[in-house]
Structure formats: C-alpha cells, structure tokens
Amino acid sequence: MDYHTMRTFADSWGLLAMLVFFLAASAFVFRPGSRNASAEAAHIPLKDDGDER
C-alpha cells in the first residue's frame, strides 16, 4: 500500500470507523443504567483498603 491508498482509506472508512466508535462509547457512558456504576468507580480512589502502616 502506498501513501495515496492509505490516505484515501483514512479519509473515508477510517473516519467512519472512528465516528462509529465515538458514538458507541458515548452511548455506553450515557446509558440510563450507568449512573450507579460510574458513582462506584468514582469512589474507588477514596476507598479505604485497610492497609495502614
């Protein structure tokens, strides 16, 4: 594959693939049932592990 072929692919199908991935990731994050999972994940760094030295 030469540069021109790769550039043509990136301008058409590559852009479409990135758009589909972005829309799928956005739908996954903003789905109705993700509020509890996001809240739990946000509190992981603050959770006490019980490893006090």
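The structure this text deals with has already been given above.
Quantities reported herein were computed from a predicted structural model and do not represent experimental measurements. (Residues numbered from 1 in each chain as written. Predicted model: local features only at pLDDT ≥ 70, side-chain atom pairs only at ≥ 80, totals over all residues. Heavy atoms only, no water.)

(A) Representation of the pattern of salt bridges. Using the criterion set out here, one finds 1 salt bridge in the structure. Across the salt bridge formed by Arg7 and Asp11, the nearest N and O atoms sit 3.1 Å from each other. In this pair, Arg7 and Asp11 both sit in helix α1 (residues 3–29), 4 residues apart, roughly one turn of the helix. Look at Asp11 and you get partly exposed, because its relative accessible area is 45%. (Salt bridge = Lys/Arg side-chain N within 4 Å of Asp/Glu carboxyl O. Helix = DSSP H or I, 4+ residues; strand = E, 2+ residues; numbered from the N terminus. Buried < 20%, exposed > 50% of the residue type's maximum accessible area, 1.4 Å probe, protein only.)

(B) Local environment of the packing of aromatic side chains. Tallied over the full model, the rule gives 0 aromatic pairs. Over the ring of Phe28 we find Arg31, and its NZ or CZ is 4.2 Å from the ring centre. (Phe/Tyr/Trp six-rings, centres within 6.5 Å; stacked < 30°, edge-to-face > 60°. Lys NZ or Arg CZ within 6 Å of the ring centre and 35° of its normal.)

(C) Structural detail: the environment of Ser38. With respect to the secondary-structure elements, Ser38 resides in helix α2 (residues 34–42). For Ser38, a relative accessible area of 41% translates into the label partly exposed.

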